[in-house]
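Coordinate inspection notes
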Amino acid sequence: MDITGFDIFVIVLVVLFILILLAGVKTVPQGYHFTIERFGAYKRTLKPGLSLIVPFIDRIGARMNMMEQVLDVPSQEVITRDNASITSDGVAFYQVMNAPDAAYEVNNLEQALLNLTMTNIRTVMGSMDLDELLSNRDEINSRLLHVVDEAAAPWGVKISRIEIKDINPPRDLVEAMGRQMKAEREKRAAILEAEGARQSAILRAEGEKQGKILEAEGERQSQFLAAEARERVAEADAKATDVVSKAIAEGDIQAINYFVASKYVDTLGEVVKAPNQKVVMLPIEATSILGALGGIGELSKQAFGKDGLSAMRSGRVPSVKED
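Residues numbered from 1 in each chain as written. Predicted model: local features only at pLDDT ≥ 70, side-chain atom pairs only at ≥ 80, totals over all residues. Heavy atoms only, no water.

1. Quick word on a nonpolar patch on the surface
Here is the rule we go by: What makes a patch is a set of residues exposed beyond 30% relative accessible area and free of salt bridges, joined within 9 Å when like-charged and within 5 Å when nonpolar (Val, Leu, Ile, Met, Phe, Trp, Tyr). Accessible areas in this description were obtained via Shrake-Rupley with a 1.4 Å probe; residue shielding takes into account the shown protein chains only. Salt bridge, as used here: a side-chain nitrogen of Lys or Arg that lies within 4 Å of a carboxyl oxygen of Asp or Glu. Under the scheme used here, helices are H or I runs from DSSP no shorter than 4 residues and strands are E runs no shorter than 2 residues, and both carry numbers assigned from the N terminus. Accessibility here uses a 1.4 Å probe with only protein chains present; expressed as a share of the type maximum, an area under 20% marks a residue as buried, one over 50% as exposed, and anything in between as partly exposed.
Taken together, the side chains of Phe6, Phe9, Val10, Ile11, Leu13, Val14, Val15, Phe17, Ile18, Leu19, Leu21 and Leu22 make up a nonpolar region of the molecular surface, amounting to roughly 1,200 Å² of accessible area. Structurally, the position occupied by Ile18 is in helix α1 (residues 5-24). Among the residues examined, Ile18 registers a relative accessible area of 43% and is labelled partly exposed.

The structure is reproduced here in structure tokens:
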């Protein structure tokens, strides 16, 4: 079969149509947005999937990655507020939220975010002392996140996280900080030791005070009981003297014998107790002593009764009721 010129024309038209159709079909992968430009101006945004554009009139402008990305911030020197030189680096996480803004509001988005982050790291960390930098990383990260996210908002970018990885002071400064920490710990140890000694001294003094109080209380109680005993003995002696006096007034010879024998026994006891006496000579008739003692017994029976006499023999002083 001969192919005519018309057949060739038709075939060319079909092939051209297929090529034009293929040129207008665009496939956008997941996680990306494509911007479409018409005659150099932004027209619309293609989302993931299959889309059609006008061939030879529309073209793809920017292929924007919409996934969260990591930006590594290189090390840089920072001068703190107290003039300490440190080296710091970090990492930032960002995500493009608006593809046209990220494509057309800033040139080289990643480089812009990197410079913005590094500049604000120097600004934030330079406004703090070295001790604050080493102990308040969360505050530094929070301030950096707030400042950088606010600055990057017109670019259609969301800064989700900024972390300071390392803060490296100079070696001599690290050694000085180590000596300072050691001195501080020794100071705390000395304070705790002194406080312990103070508490121990206070407790010891308190214990001695309580002991002296209890000792004085016991001595006072002992003196009180001794005075009470002497009072009772004195009352008994006074009662006995009163009874003897009445008996003598009535002419009872046994009362006189009791009085003489009592004085005799007291005097004999004092002589025996003398430390320089080894032998006691008694040129006294035994019968007179027995008579005196017999008079004492009879008088005691009359004054105290049988129970009182038994108490006197056992060394106890009975209570005497007045008539």
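There's more to say after this.
2. Concerning the environment of Ala62
The criterion, for reference: Two residues qualify as a contact provided that any one of their heavy atoms is within 4.5 Å of a heavy atom in the partner residue.
Within the element layout of this structure, Ala62 appears in strand β5 (residues 58-65). Residue classification places Ala62 among the buried positions, given a relative accessible area of 16%. The sequence separation of Ala62 and Thr45 amounts to 17 residues, and the corresponding C-alpha distance is 9.5 Å. Discounting chain neighbours no more than four positions away, the residues touching Ala62 are His33, Phe34, Thr35 and Ala103.

3. Quick word on the sheet that holds strand β6 (residues 69-79)
Selection rule: By definition, two strands form a pair when at least two bridges between them are found by DSSP. To define axes, lines are fitted to C-alpha atoms, for helices over the stretch in contact only, and angles between the resulting N-to-C directions are given on a 0 to 180 degree scale.
Taken in spatial order, the three strands of this open sheet run β6-β7-β8, and their pairing is antiparallel. Whereas interior strands pair on both sides, the edge strands pair on one side only; in this sheet they are β6 and β8 (157-168). Here the average twist between neighbouring strands, direction ignored, is 20°. As paired strands, β6 and strand β7 (residues 85-96) are joined by nine bridges and run antiparallel to one another. Considered in β7, the bridge of Glu77 is made with Thr87.

4. Comments concerning the pattern of salt bridges
In the structure shown here, the tally under the stated rule is eleven salt bridges. The shortest N-O distance in the salt bridge between Asp58 and Arg38 comes to 2.5 Å. Here Arg38 lies in strand β2 (residues 32-38) and Asp58 lies in strand β5, a separation of 20 residues in the sequence. With a relative accessible area of 6%, Asp58 lands in the buried category. As a salt-bridge pair, Lys165 and Asp72 come within 3.4 Å of each other at their nearest N and O atoms.

5. Side note on the packing of aromatic side chains
The condition that has to hold: Ring geometry is summarised as follows: Phe, Tyr and Trp rings, the Trp one being its six-membered ring, pair when their centres sit within 6.5 Å, and such pairs are stacked at plane angles under 30 degrees, edge-to-face over 60 and tilted between the two. Counted as over-ring charges are cases with an Arg CZ or a Lys NZ within 6 Å of the ring centre that also lie within 35 degrees of the ring normal.
If you walk through the whole model with that rule in mind, you get one aromatic pair. With 5.8 Å between their ring centres and 55° between their planes, Tyr42 and Tyr104 make a pair best called tilted. Taken together, the residues Tyr42 in strand β3 (residues 41-46) and Tyr104 in helix α2 (residues 99-104) connect sequence positions 62 residues apart. Residue classification places Tyr42 among the partly exposed residues on the basis of a relative accessible area of 38%. Here Arg63 stacks its cationic end above the ring of Phe34, 5.0 Å away from the centre of that ring.

6. Digging into helix α3 (residues 109-126)
The following threshold applies: Each helix should span, by expectation, one fewer than its residue count multiplied by 1.5 Å.
Here α3 is 18 residues long and its end C-alpha atoms lie 26 Å apart, about the 26 Å a rise of 1.5 Å per residue gives. Restricting attention to buried positions, one finds in α3 the residues Leu109, Ala112, Leu113, Leu114, Leu116, Thr117, Met118, Asn120, Ile121, Val124 and Met125. Here the buried face of α3 lies against β6, β7, α2, α4 (130-135), α5 (137-152) and β8.

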